[in-house]
Amino acid sequence: MPLQGVCWFLCCRQGFSLLGRDYGEKEEEESFELRNKEDLTPNGREVSEEMKSLIIEKNKMGLEEEPELLVKWLLREVRGNWIKQRRYWFVLSQDSLDYYSGPEKGSRRLGTLVLTNLCSVIWPDKQTYKETYWSITVYGRKHCYRLYTKHFNEAVHWACAIQKIIDTKAPVETPTQLLIRDIEENKFNPEVVEHIYQHNPILKYTQGPLYAPLLPFPYGSLEHTHSGKGYGSVREEAVKLFNCLQQLESAREPVPIIQGVLQTCLDLRPLRDEVYCQLVKQTSYTPAPYTAAHLRYWQLLTCMSCTFLPGPTVLKYLRFHLKIQSQSPESEMDNYASFISEALEKTKCRECVPSWEEIQMLMSRQEMLCTVHYPGPGSCQLYISSHTTANEVVRRMQEKLGLQESKNTFALYEQNALWEQPVAGSALIADILTRFEFSTKESESKSQWKLCFKLYCLLDADSISVDSIEYLFLFEQQCHEMVVRGQLPACEEDLQALAALRLQCLMGDFSTHAPCPPLDELFPGHMLEARVLMSLSSPQALPPCLVAAQGCPTTQRFPTGLLAGTLWSHTATAAHKQKVEQDMRLRSRLKEEAAAVMGSILERWKGLAGYSRRDSMAAYLTIARQWSGFGCTLYEVDFYISSTGSFSQKLWLGVAATSVSLYRQGEAEALESFPYGQICSYGVSDSNTFKITAGDRDLLFETTKLTEIMQLMNAYFSAIRRQRGKGEDADITIAESTDMGFHHLASTPTPTLLELPSHPV
C-alpha cells in the first residue's frame, strides 16, 4: 500500500505540474479567443481556462523509465537594470527544471520551467562561450533560462539530460488541432460540423487580435537558425502574421503585405500551415462576406495556394473549407474556392515568392503574359500560370514555330548581355520572372534579363531545310554567337569574311547611308586586344628610357640611404604616370586597330553586292562547317589532368552529339576526342571538378560549368537511347561500369532533359 500511495502521488504531481504550474497562471497575452466557461469541446466536455492555449496528451511513459535527477550549483543569467549572473541550486526532474536558494531540504524554490515537447535547448558552443564559462539555454513557454558552468563536459551533460526529457514528452496539441480532427471525423454530418463552428469561436472570423498561434510551435528564438533576417520566435512571428492579415482589410495597396507574408512563409517553413489555418479562420462565418475587404483574405489564400502546399492534415481541412464555400454558386467566394482547389492539384513548392505582377494577376485569377525571345529579332508572347514549367513553354514554342518534327532538341535560356544559362525543364517560369524582377531592382547594370528559346542539342544539322526557321537558329546561334564569343577557331581572313557576310545578311548591299552595327557584334573582340597587347609589350613599343630601365639592376634603381624615401616617392609617382600613359596608349591603339579591321570588313562587304540573305547565310555556314568541331558546345576548362599523367591549362571542352573533345583555345584541331561509346561513366567529383572515365583512363576537368556540362551530356545520352530504341545508330555501344557515384551508362535510367541526377555524383 505505501508504494501504491507514492506512485499515486507522483502521477498526480506530474499531471498537475504540467497544466497547473505551467499554464495555471492566467496571462492575457497567452490566451486564445475561447474565453467563456460554457464553451464546450465537440464531445461536450468543458474546457478549463488552463487548457485553452495548449492541451497535453497523457504521457504513457512508465515510472520505471524516469531519468535520474540532476542536481548542481549553476549560474543563471538574471536581467534587471543590467545583466548579471547569480548562483542557484538547480534540480532537473522528469517534469521540470527548478532552482532553489540552496541544496538544503527546506530551501525555497525560486523558479520552475515546466518541460514539454515544445521546449528547446541550445547547446554550448564557442559562440556562446563567455569569460571561461560555457552556457546552455533552455526555452520554455513562459521562461528562458541561460545557465553557465565552467566545464564544457558538464554543460553538455545537462543539455543532453534536458533534451532527453523533452524527447520523452507526449505531443502538445492546441484546441484548433483538436477541432480540425473533430471536423474531419464528422465531415459527413453537417449538423455536428455546424455545432462545432457555432460553439468554438476560435474557428471563426474575428476582428480582435490573436494572442497565441493556432498550432503548436517550439519555444525559443530563431537567432541561431535565421540570423540576419530579424525574425523573432516562430510563435511571435505567427502572431505578427495574423496582424498582417487583418491589415489587408484596410490597406490601399495589398500587394506589399501579401508579398511580405509569403516571404515569411518561404523563410519559416513551419508557419505555412499556421497561415493557412488563419486564413481559413478569417474566411469562415464572416459578417460581410461579399465586401472588398473580406475578399482580400481570399486573394491571399489564392496566392498561398499557388506558392506553398500545406501539410496533409491542414490540406484536408482546407479542401473541406473550400467545398463548403463552393456551395454558394456564381459568387466571388465560389470562384476563388474553385481556383484554389485547382491550384492545389498543381502546386509545387516555389523557390521564390511571386513577383508583384504575378500577385496582381492571381488576385484577379488571370494568367501572366510572358515574352520569349528566339535567335534573330523574333519573339513570342505566351500566357503562363504560376505552375507553367520550362518544358511546357518549350513545347508551346516548338508548336508556334513549327519545330515539332525536328530531330534536334531545344531549351529555354536565362540571358542578359553578359551571361547565359539553360533553364532546367522542371523549373517554374514564374520563379524565373521573379528573379528577373529582383535582379533588375538590385543590379546597377542596365543589361536586361530575358528568356530565350534556343537550340540545345544539335543532333542533325544536315537535314535542316534552308527555308526553315531552324536554319536561322543554326546561323544565329551555332555560328554567329560562337564567332563573336571567339569560340570558332578560324584565321583572321575567314573571320573578316564572316563579318562581311553578316553585314550583307543584315543590311543588304553596301551603302554609305546604312547604319553599321558596332565591331564587337561582327568580329571577336579578344583578337584585337591580344594583337594590340602583343605589339605594346614588344621592346620597340616602349620609350627608350623604359627599355633601359628594364635592364638596370635592382640596386641601381632603388638606392638605399637618406634619400631613399624621397626617391621611392618619385618612383611611385612615375610608375602611376607610366600606367596612365600605357592605358591611354592601349585605348588609342585599340581604336586604330578596330578602325583598320572595320575598313577591311567594309571592303569585303562591297564585294558581296547581289548576295541575297539566303546566299549570305549559306556562305557563312559553309565557312563555319570547315571546323571539325562544328555543332559542339564549348566550355572553358581551367585545368585538365589525365590518369596517364598528361595535364594542361586553359582548354575548351567540346560536348557534341557523338563525342566529347578537348581543344586548345583558338586551335581548330582537337587534342583528344572520346566517342560516347568509349565513355563508361561521368559525374561531378567535387565542387569544381568534373570526371569522365573513358576505357581505363580517368579524366579530371576543373571548371565552373559543372551543372551545364552534366545537363548537356544527360540530354545527348537520352537522345542516343531514344535512337537506339528506334533501331537507329546500332553501331553506338555504351559500355557498363562499376564505378560508384557516377552516371553508369548501361544501367542508369534515362535522365530528364536539363535535369541533374537526384543521387550525388
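Starting afresh in each chain, residues are numbered from 1 along the sequence in its written order. Local features are withheld for residues below a pLDDT of 70 in this predicted model, meaning they are given only at 70 or higher, and side-chain atom pairs are given and counted only at 80 or more; totals for whole chains, interfaces and linings count all residues. Side-chain measures here rest on the full set of heavy atoms in the structure, leaving out hydrogens and waters.

Paired strands, in this sense, are two strands between which DSSP finds at least two bridges. Every helix listed is a DSSP run of H or I at least four residues long, and every strand listed is a run of E at least two residues long, numbered separately from the N terminus. Spatial strand order, β11-β10-β14-β12-β13: five strands in an open sheet with mixed pairing. Strands at the two margins of the open sheet, each flanked by one partner only, are β11 (379-384) and β13 (420-422). For this sheet the average axis-to-axis angle between neighbouring strands, irrespective of direction, equals 40°. Pairing between strand β10 (residues 368-373) and β11: six bridges, direction antiparallel. Comment: axis = line fitted to C-alpha atoms, over the contacting stretch for helices; angle = value between 0 and 180 degrees taken between N-to-C directions.

As a further point, take helix α7 (residues 271-282). Its 12 residues give α7 an end-to-end C-alpha distance of 16 Å, which sits within 8% of 16 Å, the value for a rise of 1.5 Å per residue. Of all 12 residues in α7, 11 are buried; the element is thus mostly enclosed. Only heavy atoms matter for contacts: two residues are in contact if any of them lie within 4.5 Å across the pair. Structurally, α7 contributes buried residues whose contacts are with α3 (175-185), α5 (234-247), α6 (255-267), α8 (292-305), α9 (312-325) and α10 (332-346). In a helix, the anticipated span is given by 1.5 Å times the number of residues less one. Think of it in three bands: with a 1.4 Å probe and only protein chains considered, a residue is buried below 20% of the maximum accessible area for its type, exposed above 50%, and partly exposed in between.

Classification of ring pairs rests on two measures: the distance between centres of Phe, Tyr or Trp rings, Trp counted by its six-membered ring, which must be within 6.5 Å, and the angle between planes, read as stacked under 30 degrees, edge-to-face over 60 and tilted in between. Per the counting criterion, the structure on display carries 22 aromatic pairs. Between the aromatic rings of Trp134 and Phe152, the centroid separation amounts to 4.8 Å while the plane-to-plane angle is 65°, which identifies the pairing as edge-to-face. Here Trp134 is found in strand β7 (residues 134-139), whereas its partner Phe152 is found in helix α2 (residues 152-168), with 18 residues between them in sequence. The buried category is assigned to Trp134, whose relative accessible area is 17%. Taking the centre distance of 5.0 Å and the plane angle of 80° together, the rings of Phe475 and Tyr620 count as edge-to-face. In this pair, Phe475 is assigned in helix α14 (residues 469-484) and Tyr620 in helix α20 (residues 613-624), connecting sequence segments 145 residues apart. Both residues of the pair, Phe475 and Tyr620, belong to the buried class. Aromatic ring contacts, followed pair by pair, group Tyr676, Tyr682, Phe690, Tyr716 and Phe717 into a single cluster. Charge over a ring is defined by NZ of Lys or CZ of Arg lying within 6 Å of the ring centre and within 35 degrees of the ring normal. The ring of Tyr285 is capped by Lys204, whose NZ or CZ atom sits 5.7 Å from the centre of that ring. Here Arg365 stacks its cationic end above the ring of Tyr336, 4.5 Å away from the centre of that ring.

Every residue gets a pLDDT, meaning the predictor's confidence in that residue, from 0 to 100. Scored by pLDDT, the chain has a mean of 80; 78% of the residues are at 70 or more. When pLDDT is averaged over each element of the chain, α7 comes out on top at 96 and helix α1 (residues 2-23) at the bottom at 39. The model gives residues 544-563 a pLDDT under 50, and that stretch makes 10 contacts with residues more than four places away or in other chains. With pLDDT under 50 throughout, residues 728-741 is counted as low confidence; its partners more than four residues away or in other chains account for 28 contacts.

In this section: the nonpolar core. In globular proteins that are soluble, nonpolar side chains generally tend to be buried together. Residues grouped as a nonpolar core are buried Ala, Val, Leu, Ile, Met, Phe, Trp, Tyr and Cys residues, joined through side-chain atoms within 4.5 Å. In this structure, Met397, Leu412, Ile429 and Phe453 are the most contacted members of the largest nonpolar core, which totals 65 residues. Contacts of Leu412, omitting those with residues within four sequence positions, involve Val372, Ala390, Val393, Val394, Gln421, Pro422, Val423, Ile429, Cys452 and Phe453. In this structure, Cys277, Val280, Phe320 and Ile340 belong to the second largest nonpolar core, which totals 59 residues.

By salt bridge we mean one thing: a side-chain nitrogen of Lys or Arg within 4 Å of a carboxyl oxygen of Asp or Glu. On inspection of all chains with the given rule, the structure shows 24 salt bridges. Taking the shortest distance from any N to any O, the salt bridge between Arg319 and Glu345 comes out at 3.4 Å. In this pair, Arg319 is assigned in helix α9 and Glu345 in helix α10, connecting sequence segments 26 residues apart. Among the residues examined, Arg319 registers a relative accessible area of 31% and is labelled partly exposed. For the salt bridge of Glu420 with Lys454, the shortest nitrogen-to-oxygen distance reads 2.6 Å.

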